[in-house]
Amino acid sequence: MGYRVLIVDDSPAMRSVIRRVIVLSGFDLEECLEAEHGGEACRLLQERPVDVILTDINMPVMNGERFLEAIKADQSLEAIPVVVVSTDATEHRIRRMLELGAQGYVTKPFFPESLRGELERVLGVNYG
Amino acid sequence: MRSIIVGVADCQVSADPETVLVTYALGSCIAVTIYDPVARVGGMLHYMLPESSIDAAMAKEKPFMFADTGIPLLFRTAYNYGAEKKRMIVRVAGGAQVMDDQGVFDIGRRNYLALRKILWKAGVLIHGEHVGGTNSRTMRLEIATGAVWLRDAGAQEVQLGPPIPQGRV
Amino acid sequence: MAETGAGEILCAAAQQVLETMFFTTIVGERQGPPEGPAVAARVSFEGSPSGTFGLKLSAEAARAIAANFLGVENDEEVSAAQTGEVICELANMVCGAMLSRVESGSTFQIAHPQLDAGEEPSDGAVARYLDLDNGALALWVRFDGQ
């Protein structure tokens, strides 16, 4: 089964690294959408369904916290699992994002295995 | 059951289900095991130093002494036995902080960084690791099952990484 | 924040980030910033405290670090544009790692990093100059109101 993924991060370099980790982890990547901020991500989500969203927090225009609030308030999007990938390792921010409905949280910098493990847990799969 | 010892700056690859690869006295050195559960091929490398550029002549003579020459050769040897990179299960041990002959404490950490860089660039993720600390380790790989066992300085032996489902494709 | 505290936090944040995703070690301190061709970025942040963070890497270190991050075998395969993008993300991550270590009750926001000429502020900044295994690095942070 192929996965459709949305990666939201204002760094093209980080987006390419996240995409590479997903592929190397063994996920069959059917489609990989990318957005530079929450506003662009919301627009993309209106057009294309995805199976999982990975989002940064600090981004221009619409940051990850406001983006998460927006999709959890949208009945057609609220069930999509969200994994936060952020430099913010503070307890209050992690707690806030989980309270807003994020299912996973990976702090930057990360080993690729940490992101793999979080994705496997959130999607309920194991590729070994 | 046949034990093949992997020494320091050494590497062994096997497809023989009777074989167990084992290495001892992993201090600041790193041992990398790879296993393809479909081809049932496994290999173990025990390397000492991160970069071969410090001694190109030595690297030609003893490629398994260095991470950057040893790791690619470990994988290539396994491919010759029918293993495939995308199926490879990688477990790693060692990289402890110990004093070596030069009195350098951080060679273990540098060995670990070199490993991560090489594997990331090669597009290979790690499935289990037992690294750092200060203790010496023993590691063994069972070719029949792909199971890796680790002993940390005389403590009980533990299995490293998730068990490999038998018959996985 | 005391200068030595900020300096230590800068170095600890840089070491954690450089080792984990850029496979680069800090080998020691140096007297001044990198000389010669360099790649630099700065990023402003808001919270408690607010301020600006910057870093500057010698050009060969920047390219090697970019190849390491992207997982590219040869430094030559990485374009100048890609190197710039990677160094911006490095600045973002070191700044975030630094702010995550600062004891603060409030959340922080980091703006989008910008490449720049690498000029350190002439006053009020805490700076550290480091030798890496692949070149040289300068880090600085200036907190507002100091």
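From a predicted model like this one, the values you see are computed outputs, not experimental measurements.

(A) Structural detail: the overall build of chain A. Summing up its helical and strand segments, chain A has 5 helices and 5 strands in all. Along the chain direction, N to C, the helices and strands of chain A fall in the order β-α-β-α-β-α-β-α-β-α. Relative to the compact-globule value of 14 Å for 128 residues, chain A shows a C-alpha radius of gyration of 13 Å, a close match. In terms of overall dimensions, chain A has C-alpha extents of about 35 × 35 × 25 Å along its principal axes. Of all 128 residues assigned to chain A, the portion counted as buried reaches 58%. Within the structure as shown, chain A displays about 5100 Å² of accessible surface, and the carbon and sulfur contribution to it stands at 47%. In chain A, 14 side chains carry a positive charge and 21 a negative one; their mean positions are 1 Å apart.

(B) Structural detail: the layout of surface pockets. Counted as a void, the largest pocket has a volume near 850 Å³. For the largest pocket, the lining is made up of 34 residues, of which Glu51(B), Asp68(B), Ala114(B), Lys117(B) and Ile118(B) are closest to its centre. When contributions to the lining of the largest pocket are tallied by element, the ones reaching two or more residues are α2 (67-80) and α3 (107-122) of chain B together with β1 (26-29) and α2 (59-70) of chain C. For the lining of the largest pocket, the leading source of residues is α3(B), giving 9 residues.

(C) Looking closely at the interface of chain B and chain C. Between chain B and chain C, the contact holds 7 residues from the first and 12 residues from the second. Note on chain B versus chain C: buried area summed over both sides is about 890 Å², and carbon and sulfur give 55% of it. Taken as a group, Leu113(B), Trp120(B) and Lys121(B) account for 65% of the area that chain B buries against chain C, more than any other trio of residues on that side. At the junction of chain B with chain C, the criterion picks out 1 salt bridge. A salt bridge links Arg109(B) to Glu19(C), with the shortest nitrogen-to-oxygen separation between them at 3.0 Å. Counting across the chain B and chain C interface gives 5 residue pairs in polar contact (both at pLDDT 80 or more). Within the side of chain B that touches chain C, the residues separate by chemical class into 2 nonpolar, no polar and 5 charged.

Calculation notes
Residues numbered from 1 in each chain as written. Chains lettered and ligands numbered in written order. Predicted model: local features only at pLDDT ≥ 70, side-chain atom pairs only at ≥ 80, totals over all residues. Heavy atoms only, no water. Helix = DSSP H or I, 4+ residues; strand = E, 2+ residues; numbered from the N terminus. Rg over C-alpha atoms; globule rule 2.2 N^0.38 Å. Buried < 20%, exposed > 50% of the residue type's maximum accessible area, 1.4 Å probe, protein only. Areas by Shrake-Rupley, 256 points an atom, 1.4 Å probe, with all protein chains shown as cover. Lys, Arg positive; Asp, Glu negative; His and termini not counted. Charge placed at Lys NZ, Arg CZ, Asp CG, Glu CD. 1 Å grid on protein atoms, 1.4 Å probe; cavity = no way out; pocket = protein on both sides within 12 Å on 5 of 7 lines; lining within 4 Å. Points joined across faces, edges and corners; volume = space filled by probe spheres on them. Contact = heavy atoms within 4.5 Å. Buried area = accessible area lost by both parts, 1.4 Å probe. Salt bridge = Lys/Arg side-chain N within 4 Å of Asp/Glu carboxyl O. Polar contact = N/O pair within 3.5 Å; in protein donor to acceptor, adjacent residues only side chain to side chain. Nonpolar A, V, L, I, M, F, W, Y, C, P; charged D, E, K, R; others polar.

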